[in-house]
Amino acid sequence: MISSFLSLRSEGVGNDSIRISLLTCEPGEEIYALFGHTAIRYENITRGQDLVFNYGMFSFNTPNFVMRFLMGKTDYQLGVVRYKDFEVEYAMRGSSVYQQTLNLTSEEKLRLAQLLDENYHPSNRTYRYNYFYDNCTTRARDKIEESLNGKLCFPEQKAALSYREIIHLFTKGSQWNELGIDLCLGAEADKPIDERKQMFAPFFLMDYARDAVIQRIDGTVPFVLNESKVVDVESEKASTSFPLSPLTCSLLLLALTCLVEWLAYVKKKVMWGWDILLFGSQGIGGCIIAFLFFFSVHPTVDSNWMLVVFNPIPLFYLPFMIYKALKRKRDAYHWINVCCLTIFIVLMPFLPQKFNITVLPLALSLLICSAGHLLVYYKNKN
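These numbers were taken from a predicted model, which means no experiment stands behind them.

A. Spatial organisation of the overall build of the chain. Along the chain, the regular secondary structure elements total 14 helices and twelve strands. For the chain, whose C-alpha radius of gyration is 27 Å, the value lies well above the compact-globule estimate of 21 Å for 382 residues. Its C-alpha atoms give the chain principal-axis dimensions of about 95 × 40 × 35 Å. With 382 residues in all, the chain has 50% of them scored as buried. Considering only contacts in the chain between residues 6 or more positions apart, those separated by 24 or more positions represent 77%. Charge centroids of the chain, computed over 38 positive and 38 negative side chains, lie 12 Å from each other.

B. Region of interest: the pairing of strand β4 (residues 75–82). Bridge count between strand β3 (residues 49–57) and β4: five bridges; the pairing is antiparallel. Of the residues in β4, the one forming a bridge with N54 is G79.

C. Local environment of the nonpolar core. I20, L102, I166, L185 and F223 are the most contacted members of the largest nonpolar core, which totals 53 residues. Among the elements that line this core, the one with the most residues is helix α9 (residues 202–210), at six residues. The contact partners of I20, leaving out residues within four places of it in the chain, are I40, R41, Y42, Q100, T101, L102, L104, K109 and L112.

D. Structural detail: the sheet that holds β3. Read across the sheet, seven strands follow the order β6-β4-β3-β2-β1-β5-β12 without closing on themselves; strand pairing throughout is antiparallel. The open sheet has two edge strands, β6 (126–128) and β12 (224–231), and neither has a second partner. For this sheet the average axis-to-axis angle between neighbouring strands, irrespective of direction, equals 25 degrees. As judged from the five bridges shared by strand β1 (residues 18–25) and strand β5 (residues 97–102), these two strands associate in the antiparallel manner. Looking at the pairing, L22 lines up with Q100 of β5. Running at roughly 110 degrees to β4, helix α3 (residues 83–93) makes contact with β1, β2 (37–44), β3, β4, β5 and β12 of the sheet.

Criteria and cut-off values
- Residues numbered from 1 in each chain as written.
- Predicted model: local features only at pLDDT ≥ 70, side-chain atom pairs only at ≥ 80, totals over all residues.
- Heavy atoms only, no water.
- Helix = DSSP H or I, 4+ residues; strand = E, 2+ residues; numbered from the N terminus.
- Rg over C-alpha atoms; globule rule 2.2 N^0.38 Å.
- Buried < 20%, exposed > 50% of the residue type's maximum accessible area, 1.4 Å probe, protein only.
- Contact = heavy atoms within 4.5 Å.
- Lys, Arg positive; Asp, Glu negative; His and termini not counted.
- Charge placed at Lys NZ, Arg CZ, Asp CG, Glu CD.
- Pairing = 2+ DSSP bridges.
- Core = buried A, V, L, I, M, F, W, Y, C linked by side-chain atoms within 4.5 Å.
- Axes fitted to C-alpha atoms, helices over the stretch in contact; angles between N-to-C directions.

Structural data, given as structure tokens:
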């Protein structure tokens, strides 16, 4: 147990040399760091101990990490590092760190230390991560609440926001990451959530904690004693690996699709190579969305209307599509595709899901490609 090394349990209840703080870290460039991070700082001034308890530890080297992540079965761990190492890591990363010293009694501090100590036991430190309901931020909040001799009361909801709207606040400079997340989240991500659910995001917890109070038998006290910036660095501008935005790329794809289908109509010949690229990509993307929809336990992915546009059917049907195109045979698939995509595009503003603007040019490209097949067929027939 970590207590044998840190002596967390050996402090008397009357000794107030312990200080507990909530640490909130600014976002990083990696997709898993886009929303920031939360940790708990434990300082024992008498013993000279300064530690950070971090519920965000994971390893990409975990067997089948990608598959487990898609399934929603990623395991995270509670880790403990010395504060100086934590400070250096985030300073080098270019992320400032804010500290909120908590207004806890000596007994509450000791109980929290014991809870963290027990949670760090090898048999307890691993937990099933959930990016909305059970993450490094919600774990820190819940452990602090569990240690209190009273009730932690957060202020009323400051704004009616959904999961997607909160995510967009932190992905403004990462358009490709935002597109990927938007494609995977369904209609459930667009429902307004209460203040407690909003605290899945570290800076929302920090904001709510600032005005929270602890209701005890002997009275009500502020939850946060003071707030400071313990790591103050200038945030680095996010480097864009690809110079074009998703919307620009989708509009270029739409223009190129129009050109290809015009040439196909003029030559009265389907460009089946373009079919392989376009419908193959649609099917591959559809496999991911369908997998999340039917098999993943991630929240909100099982209500995704994007399955209408991106599904696995084109990938499996592609050989038959090419065969019929080469033989100049009528293909009912394209009639169905044109009808489904037309209905989807018309109903987009009325569906209970908010779509990334990039989806519209992508859907139009697929619709125009299928329409091109039909035009070439009837031109040859006549």
